[in-house]
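Now for the letters of each chain:
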Amino acid sequence: MLKELNEKKTELKRLSEEYKTQRNELNAEASKLAAKRNELNKKTKDLINEAQNYKNLRDENNVKVKEHKDLRDEINNKANEIYAQIDTIRGENNLTGPSIKDIRKDIDRLEFAQQTEVLSTSKERELVNKITELRKMYNAKKQQLESNQELKELLTKAQDIRDEASKEHTLLSEYAQKAQEYHDLMIATFKEADKIRAESDAAHKEFVKFQESADEKHKKFIAAQKEIRDIDKEVRKLKKGETEGRREVSKADMRKDAEDIFDKFKAGEKLTTENLMALQRSGLL
């Protein structure tokens, strides 16, 4: 029985060390994955903060776009009022053809398209030629109207107002371009944050897997240690039982020897000192 228990204990010790080694290796891998996950989470947070900053800058520029758009439209309305007066005078003086206001609007519209749209070489050349024609028409119409002193003064005033509106439009375009740039940066940064977050989630899943495996090995290690302690207790019990058994056998032998000596004594044989001591130890004397 003791042999089987000792053999089992030896095997359990071997398994216990194996579980311990595997647990430590798995915990080390889990720690690496946790560190990687934490680093990726920090990078994700930094990217989100960066994207949020781009969003704030975009929104600030969009506010400026609205401010300058409203101001431009307000100034253009003033210019339109003057052009309306010009049209009235043109009608009264039989000055035919498209109004200078409409020509100016066409020029502004085409110039805006030229500044903001991506055009092929042929399309841009066509647009430039059209603007050139409209400018010639505008200048001719302007000369025609300037022959009338009242119209000349109104045209000068309208042009000054248009120039002011053009400045606001330029500022509007600049803020709109900045807003678009920050918007593109925001989108790109949010996408990068999503990509890093996905890597972090994958690292976390791996971490959980290794951590659970390490916990399982630890449970097996603890169970093996407990079983070893239980075997040690059983071995001690068995050894104690054997010792007590040997002691009882020894007492029985001593009793039998003492009885033999006592029988000799009763038969009248002379006893030695050692015989007398044996009888005393056995309690027969």
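Residues numbered from 1 in each chain as written. Predicted model: local features only at pLDDT ≥ 70, side-chain atom pairs only at ≥ 80, totals over all residues. Heavy atoms only, no water.

**Side note on the overall build of the protein**
Worth spelling out the cut-off: In this text, helices come from DSSP runs of H or I with a minimum length of four residues, and strands from runs of E with a minimum of two, each type numbered from the N-terminal end. By the convention used here, residues are in contact when the closest approach between their heavy atoms is within 4.5 Å.
Each helix and strand in the protein was counted, giving five helices and zero strands. Counted over contacts in the protein with a minimum sequence separation of 6, partners at least 24 positions apart contribute 80%.

**Here we look at the side chain of His68**
The following threshold applies: Throughout, exposure labels follow a simple rule: accessible area from a 1.4 Å probe, protein chains only, divided by the maximum for the residue type, with under 20% read as buried, over 50% as exposed, and the rest as partly exposed.
By the element assignment, His68 lies in helix H1 (residues 2-92). With a relative accessible area of 14%, His68 lands in the buried category. Apart from residues lying up to four places away in sequence, His68 is in contact with Glu168, Leu171, Leu172 and Tyr175.

**Quick look at the side chain of Thr189**
Looking at where Thr189 falls in the secondary structure, it is placed in helix H4 (residues 149-266). Those residues in contact with Thr189 that lie beyond four places of it in its chain are Leu47, Glu50, Ala51 and Tyr54.

**A few points about the packing of aromatic side chains**
In this description, an aromatic ring pair is defined by two values, namely the gap between the centres and the angle between the planes. Here is the rule: Here a Phe, Tyr or Trp ring, Trp counted by its six-membered ring, pairs with any other such ring whose centre lies within 6.5 Å, and the pair is stacked when the planes are under 30 degrees apart, edge-to-face when over 60, and tilted otherwise.
Evaluated as defined, the whole model comprises one aromatic pair. Ring centres of Tyr54 and Tyr182 lie 6.4 Å apart, and the angle between their planes is 25°; on these two criteria the pair is classed as stacked. With Tyr54 in helix H1 and Tyr182 in helix H4, this pair connects stretches of sequence that are 128 residues apart. Note on Tyr54: relative accessible area 17%, which makes it buried. By relative accessible area, Tyr182 is classed as partly exposed at 25%.

**Here's the deal with the nonpolar core**
Inclusion rule: By nonpolar core is meant a set of buried Ala, Val, Leu, Ile, Met, Phe, Trp, Tyr and Cys residues that side-chain atoms within 4.5 Å join together.
Ranked by size, the top nonpolar core spans 21 residues in total, and within it Ile82, Tyr83, Ile86, Ile100 and Tyr138 carry the most contacts. Counting residues per element, the ones that place at least two in this core are H1, helix H2 (100-116), helix H3 (121-146) and H4. In this structure, Leu5, Leu12, Ile228 and Val235 belong to the second largest nonpolar core, which totals six residues.

**Here's the deal with the pattern of salt bridges**
Using the following cut-off: Salt bridge, as used here: a side-chain nitrogen of Lys or Arg that lies within 4 Å of a carboxyl oxygen of Asp or Glu.
If you walk through the whole model with that rule in mind, you get 19 salt bridges. Salt-bridge contacts for Arg162 lead to Asp108; the nearest nitrogen and oxygen are separated by 3.7 Å. Taken as a pair, Arg162 in helix H4 and Asp108 in helix H2 lie far apart in primary sequence, 54 residues in all. Here Glu206 makes a salt bridge to Lys209, at a shortest N to O gap of 3.3 Å. Of this pair, Glu206 and Lys209 both sit in helix H4, separated by three residues, roughly a single helical turn. On the basis of relative accessibility, which here comes to 33%, the residue Glu206 falls in the partly exposed class.

**Observations concerning the confidence of the model for the protein**
Parts of the prediction with low pLDDT should not have their coordinates interpreted in detail. What counts here: Note: pLDDT gives the predictor's confidence per residue, expressed from 0 to 100.
For the protein, the average pLDDT comes to 84, and 79% of its residues sit at 70 or higher. Looking over the protein, one finds the lowest element-wise mean pLDDT in helix H5 (residues 273-282), namely 59, and the highest in H1, namely 91.

**Looking at the environment of Asp106**
Structurally, the position occupied by Asp106 is in helix H2. Linking Asp106 and Arg135, residues 29 residues apart in sequence, is a C-alpha distance of 9.8 Å.

**So, a positive patch on the surface**
How we decide: Patch criteria: residues need more than 30% relative accessible area and no salt bridge. Like-charged residues are merged within 9 Å; nonpolar side chains of Val, Leu, Ile, Met, Phe, Trp and Tyr are merged within 5 Å. Calculation of accessible area relied on Shrake-Rupley with a 1.4 Å probe; when residues are assessed, cover is drawn exclusively from the protein chains displayed. Charge assignment: positive for Lys and Arg, negative for Asp and Glu; neither His nor the chain ends contribute. Every charge is mapped onto a representative atom, which is NZ of Lys, CZ of Arg, CG of Asp or CD of Glu.
Taken together, the side chains of Arg229, Lys233, Arg236 and Lys237 make up a positively charged region of the molecular surface. When you line up the elements, Arg236 lands in helix H4.

**Regarding the environment of Glu39**
As for its placement among the helices and strands, Glu39 is situated in helix H1. A relative accessible area of 59% means that Glu39 is categorised as exposed. Counting along the chain gives 161 residues from Glu39 to Ser200, while the straight-line C-alpha distance between them is 8.4 Å.

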